[in-house]
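The residues making up each chain are set out below.
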Amino acid sequence: MNIIVTGGAGFIGNHVIRLLVNKYPNDLIVNVDKLTYAGNLENLRDVEKCSNYRFEKVDICDLDSILALMKKYEIEGVIHLAAESHVDRSIKDPFSFAQTNVMGTLSLLQAARLYWESRPERYEGKRFYHISTDEVYGALEMNHPEGGNEPGGGPWGSEFFTEDRRYQPHSPYSASKASSDHFVRAFHDTYGMPTVISNCSNNYGPYQFPEKLIPLFINNIRHRRPLPVYGKGENVRDWLYVEDHARAIDLIFHEGRVAETYNIGGFNEWKNIDLIKVLITTVDRLLGRPEGADMDLITFVTDRAGHDMRYAIDSTKLKQELGWQPSLQFEEGIEKTVKWYLDHQEWMDRITSGDYMKYYEEMYANR
Ligand code: NAD
Ligand code: DAU
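Thresholds applied
Within every chain, residues take consecutive numbers counted from 1 along the sequence as written. Lettering for chains starts from A, numbering for ligands starts from 1, and both go in the order in which the items are written. A pLDDT threshold of at least 70 governs which residues receive local features in this predicted model, and a stricter bar of 80 or more applies before side-chain atom pairs are shown or counted, although totals over entire chains, interfaces and linings include all residues. Side-chain calculation: all heavy atoms of the structure are included, whereas hydrogens and water are not. In these notes, a set of buried Ala, Val, Leu, Ile, Met, Phe, Trp, Tyr and Cys residues joined through side-chain atoms within 4.5 Å is what counts as a nonpolar core. Note on exposure labels: buried denotes an accessible area under 20% of the residue type's maximum, exposed denotes more than 50%, and partly exposed covers the range between, all computed with a 1.4 Å probe on protein chains only. The secondary structure listing takes helices from DSSP runs of H or I that are at least 4 residues long and strands from runs of E that are at least 2 residues long, numbered from the N terminus. Criterion used throughout: strands pair if DSSP finds at least two bridges between them. Axis lines are fitted through C-alpha atoms, for helices just across the contact stretch, and the angle between N-to-C directions can take any value from 0 to 180 degrees. The criterion used for residue contact is that any of the two residues' heavy atoms lie within 4.5 Å. If even one non-hydrogen atom of a residue comes within 4 Å of a molecule or strand, that residue is called near it. Nitrogen and oxygen atoms within 3.5 Å of one another constitute a polar contact, given that in protein one can donate a hydrogen and the other can accept it, and given that sequence-neighbouring residues count only through two side-chain atoms. To measure how exposed things are, a 1.4 Å probe is used in the Shrake-Rupley method; for residues, cover is taken only from the protein chains shown.

1. Considering the nonpolar core
Generally speaking, nonpolar side chains in soluble globular proteins are found buried as a group. Counting residues in each nonpolar core, the largest one holds 37 residues, and the members touching the most others are Val5, Leu41, Ile79, Tyr129 and Ile264. Per element, the largest residue contribution to this core is six residues, and it comes from helix 7 (residues 242-255). Residues Phe209, Trp270, Leu279 and Trp347 belong to the second largest nonpolar core, which totals 32 residues.

2. A look at the pairing of strand 8 (residues 227-230)
With burial as the criterion, only one face of strand 8 is covered, namely that bearing Leu227 and Val229; the residues Pro228 and Tyr230 on the opposite face remain uncovered. As defined by bridge partners, strand 8 adjoins strand 12 (residues 298-301) across four bridges and the pair is classed as parallel. The partner of Leu227 across the bridge, within strand 12, is Ile298.

3. Here we look at the sheet that holds strand 1 (residues 2-6)
The strand order across the open sheet built from seven strands is 3-2-1-4-5-6-10, with neighbouring strands paired in parallel fashion. The sheet is open, and its two borders are formed by strand 3 (53-56) and strand 10 (261-264), each paired with just one other strand. On average, each strand axis in the sheet is inclined to that of its neighbour by 20°, with strand direction left out of account. Judged from the six bridges that link them, strand 5 (residues 127-133) and strand 6 (residues 195-200) form a sheet pairing that is parallel. Bridge pairing in strand 6 places Tyr129 opposite Val196. Helix-sheet contacts for helix 1 (residues 11-23) involve strand 1, strand 2 (28-32), strand 3 and strand 4 (77-80), and the interaxial angle to strand 2 is about 165°.

4. Describing unusual backbone geometry
If you check the backbone angles, Glu74 has positive phi at about 50° while not being a glycine. Among the secondary structure elements, Glu74 is positioned in the loop between helix 2 (63-73) and strand 4. You can call Glu74 partly exposed: its relative accessible area is 46%. Residue Phe267 is not a glycine yet carries a positive backbone phi of 45°. Turning to its location among the elements, Phe267 is positioned in the loop between strand 10 and strand 11 (269-271). Taking the relative accessible area as the measure of exposure, Phe267 reaches 44% and is therefore partly exposed.

5. Here we look at the site of ligand 2
Surveying the vicinity of ligand 2 reveals 24 residues, the closest of which are Thr133, Asp134, Tyr173, Arg304 and His307. Side-chain polar atom of Tyr173 to an oxygen atom of ligand 2: 2.6 Å apart, as the coordinates give it. Here Pro228 contributes a backbone N or O atom positioned 2.8 Å from a nitrogen atom of ligand 2. Taken by itself ligand 2 offers 690 Å² of open surface, and the protein chains cover 94% of this. When contributions to the shell around ligand 2 are tallied by element, the ones reaching two or more residues are helix 6 (213-222) and strand 8.

6. Re the site of ligand 1
Among the 28 residues in the neighbourhood of ligand 1, the closest are listed as Ile12, Asp33, Ser85, Tyr173 and Lys177. A distance of 2.6 Å is found between an oxygen atom of ligand 1 and a side-chain nitrogen or oxygen belonging to Ser85. Coverage of ligand 1 by the protein amounts to 97% of the 830 Å² it exposes when considered alone. Mapped by element, the contributors of at least two residues to the shell around ligand 1 are helix 1, strand 5, helix 5 (172-191) and strand 7 (202-204). Top contributing element to the shell around ligand 1 by residue count: strand 5, with three residues.

In structure tokens:
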């Protein structure tokens, strides 16, 4: 297949591109990314010269350019990850989230529709796969006071997000993702486009932009900078190793049923404060410091506005229908992740200095 992956220079996107390019040498993988602050082509150095990989610096909101790409590469599948993804930024600037996440998704859908409907085979053999988030379901209650805490986590409440749960987004980010999910379903129901959606929990692993909790805190611990914990650190997130998400995306794209939604998660709930303590002891140990020496970096700060209390995904459907389950235990995943960031200080420094943004000019602009 000839496939467009949007947002391939971002955190999850680069793992998806790497998996597809290596696993399907006869497929063409076209990475369409605008290269916002969150896009980093250095994440893809190891695949950028592969013959079945192309990069196109294009904004998904630019319908004409997307349509031209669909024609140029005779695109049969779209895996849509491009988005504004950081909740804190959405609180400061909700409009750019509506623009990219809602209007961008709509432009992409419309370009795919115009192109595929112009072909004799129309939607035959085509697929539009939209990557969404568990945040569209809102927040769950914490009614298991003794839950969690054990390594590997445990449920902090009796309820989980299932695919039929009512949408109840709270942040501008999750509201924009919810809206984009509705447009994707509308394009199936109205035009017969073969769509599929997945909603995943919090990802962690290599190449995550250091505005998000785990890479930000690992870097701060390394440099002995304060760790700004929102509220009391009581909020719960369900963490999944990013390569397990990429494997699920591959599976759902190829084998998921049209018009279905699949939840993806690791049944791995952690209170932020417990996770942060694991990060501190792991960084300390790997850097040869006394374990826990940096606990005093924890600094409780004003809570995030509208901060969702608990996310917890029920991914039973994905397991039963397509046989997916996480491959990595959290202890192993977090150790690997901390080690990766400590071993890739240069990658981190190029982001914090802004140098990573020059990579496109150096490597691609003159091609
Ligand atoms: P990210 O912020 O790391 O990367 C987003 C990518 O999209 C960047 O490369 C950026 O340059 C690109 N992009 C942004 N606006 C664009 C535009 N207008 N046109 C083209 N490209 C544009 O995000 P991520 O964490 O990798 O998330 C990817 C997707 O997965 C998002 O849709 C997000 O909602 C979803 N998701 C993320 C998580 C998570 O924990 N990170 C969990 C569930 C779902
Ligand atoms: O659940 C999936 C979502 O996970 C994705 O859709 C989002 O794109 C992704 O960013 C992530 O959202 P969160 O808001 O959960 O991730 P973040 O890393 O920003 O925060 C994780 C938790 O840590 C959250 O409860 C807020 C808290 N936090 C975060 C930061 C950056 C802090 O306490 N301090 C911080 O400095």
